[in-house]
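Observations on the model geometry
Below are the chains, spelled out letter by letter.
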Amino acid sequence: METLLLDSNTWLLVLTGAGVSAESGVPTFRGMNGLWEDQPVTEVASPRGFAKDPMRVWRFYSQRRAGAADVSPNPGHEALVAWERHLGDRFLLATQNVDGLHRRAGSQRVVEMHGNLFTSRCSNPDCTRPPFPDTTVYASGTVPGCKECGALLRPHIVWFGEQLDPDDLTRIESFAVKAMRSGGRLVFLAAGTSGAVYPAAGMVDNVRAAGGETWLVNLDASENASSFEHFVQGKSGEVLPKLGRLV
Ligand code: BJW
């Protein structure tokens, strides 16, 4: 197996997806065939789905909260923690996962691009209440309301068709810019992601355009696999612990 050199010249930007949590027992989107209760997840987890049936949306997220609370980080998460300890500020982890497992494993420099399962916010864009931690598994058939304005609460998740937080995107871009300006070696590694959802799926092209090196660790060839220079096929929990050569 190829090894990825992580030395004092390396700046490592990691992108993770649902495959990294799969070995912890969290179902992937592709694994569910993109369906939940026979409905496309893209319909349930969308602004339109929430407007149409907020109870169904909360049932979906309450079920996932209950499931994610019971699982633990796996060796893939742990390998990334070790790499971060080695590289310090020359490491950044952008995750599409909302399950919080990276932070629970000990990762600190984390950007949760698609939000967080254990955070809720008011659905009223004019409400001043900021997003807040919320581990509640709401009873089926209920929809929580905002204490401040009475509107419906919603999960703090980026649904299809919604904008990602511009601060998150800036943090990722600034990391790459800083790496290139420092004259260091910028490495982008994507793990456990289908490469089908943007803007995350476009990160590989941006890094290549900036002159960075690109690696993919995935169970199968993701949709954008041909954009990567290195592809290590396998389970992230088995590959990542062996991949990094810390110098
Ligand atoms: C293993 C493994 C193991 C298994 N080890 N591997 C440009 C072009 C075309 C369209 C667009 C575009 N830019 C934006 C869009 C629209 C849209 C989009 O991307 N659509 C595509 C379907 C084409 N994007 C958006 O709407 C985004 N917003 C945005 O860009 O705003 C501006 C804008 C809006 C509209 C138009 C244009 C611009 C928002 C995207 C938000 C995504 N949110 C979700 C769901 C939230 C619901 C929830 O979590 O409850 O986030 S979608 C879902 O997909 C979830 C995931 O984070 C995301 C990525 O999935 P991921 O992680 O890749 O998982 P899987 O299951 O798909 O794949 C797992 C992979 O792991 C597989 O390959 C397995 O083989 C592998 N695997 N076990 C290693 N053990």
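Everything here concerns the structure above.
The paragraphs below set out a description of the structure included in this document. (Residues numbered from 1 in each chain as written. Predicted model: local features only at pLDDT ≥ 70, side-chain atom pairs only at ≥ 80, totals over all residues. Heavy atoms only, no water.)

**Considering the overall build of the protein**
When helices and strands are counted, the protein shows 9 helices and 13 strands. Against the 2.2 N^0.38 benchmark of 18 Å for 247 residues, the protein shows a C-alpha radius of gyration of 18 Å, consistent with a compact globule. Counting the 247 residues in the protein, one finds 49% classified as buried. When contacts within the protein are restricted to residue pairs at least 6 apart in sequence, long-range pairs at least 24 apart make up 68% of them. Surface exposure of the protein reaches about 11700 Å², of which carbon and sulfur atoms provide 51%. Placing the 24 positive and 27 negative side-chain charges of the protein at their respective mean positions leaves the two points 3 Å apart. (Helix = DSSP H or I, 4+ residues; strand = E, 2+ residues; numbered from the N terminus. Rg over C-alpha atoms; globule rule 2.2 N^0.38 Å. Buried < 20%, exposed > 50% of the residue type's maximum accessible area, 1.4 Å probe, protein only. Contact = heavy atoms within 4.5 Å. Areas by Shrake-Rupley, 256 points an atom, 1.4 Å probe, with all protein chains shown as cover. Lys, Arg positive; Asp, Glu negative; His and termini not counted. Charge placed at Lys NZ, Arg CZ, Asp CG, Glu CD.)

**Side note on the packing of aromatic side chains**
Scanning all chains against the criterion turns up 7 aromatic pairs. Ring geometry for Phe188 versus Phe228: centroids 6.1 Å apart, planes at 20 degrees, classification stacked. With Phe188 in strand E10 (residues 185-191) and Phe228 in the loop between strand E11 (213-218) and strand E12 (230-233), this pair connects stretches of sequence that are 40 residues apart. As far as burial versus exposure is concerned, Phe188 and Phe228 are alike and both buried. Three or more aromatic residues link up through ring pairs in this structure, and these residues are Trp36, Phe50, Phe60, Tyr61 and Trp159. The positively charged end of Arg129 is found above the aromatic ring belonging to Phe132, 3.9 Å away from the centroid. Against the face of Trp159 rests Arg154, its NZ or CZ located 3.8 Å from the ring centre. (Phe/Tyr/Trp six-rings, centres within 6.5 Å; stacked < 30°, edge-to-face > 60°. Lys NZ or Arg CZ within 6 Å of the ring centre and 35° of its normal.)

**Observations regarding the sheet that holds E10**
The sheet built from 6 strands is open, its strands ordered E6-E5-E2-E10-E11-E12 with parallel pairing. Each edge of the open sheet is held by one strand with a lone partner, namely strand E6 (110-112) and E12. Taken pair by pair, the neighbouring strands of this sheet meet at an average axis angle of 15 degrees, ignoring direction. Across the face of the sheet, helix H7 (residues 166-181) comes into contact with strand E2 (10-16), strand E5 (91-95), E6 and E10 while running at roughly 150 degrees to E2. Sheet strands in contact with helix H9 (residues 236-243) are E10, E11 and E12, and its direction is about 140 degrees off that of E11. (Pairing = 2+ DSSP bridges. Axes fitted to C-alpha atoms, helices over the stretch in contact; angles between N-to-C directions.)

**So, the side chain of Gln96**
Summarising the element assignment, Gln96 is placed in the loop between E5 and helix H6 (101-105). For Gln96, a relative accessible area of 12% gives the class buried. At 3.0 Å, the side chain of Gln96 and the side chain of Thr193 are in polar contact. (Polar contact = N/O pair within 3.5 Å; in protein donor to acceptor, adjacent residues only side chain to side chain.)

**Some details on the pattern of salt bridges**
Tallied over the entire structure, the rule returns 7 salt bridges. A salt bridge links Glu43 to Arg48; the shortest N-O distance between them is 2.5 Å. The exposure class assigned to Glu43 is partly exposed, which follows from its relative accessible area of 27%. Note on Arg48: relative accessible area 56%, which makes it exposed. Put simply, Arg154 and Glu162 hold a salt bridge, and the shortest N to O gap is 2.8 Å. Look at Arg154 and you get buried, because its relative accessible area is 6%. Overlapping salt bridges, with partners in common, bring together Glu84, Asp89 and Arg109 in one network. (Salt bridge = Lys/Arg side-chain N within 4 Å of Asp/Glu carboxyl O.)

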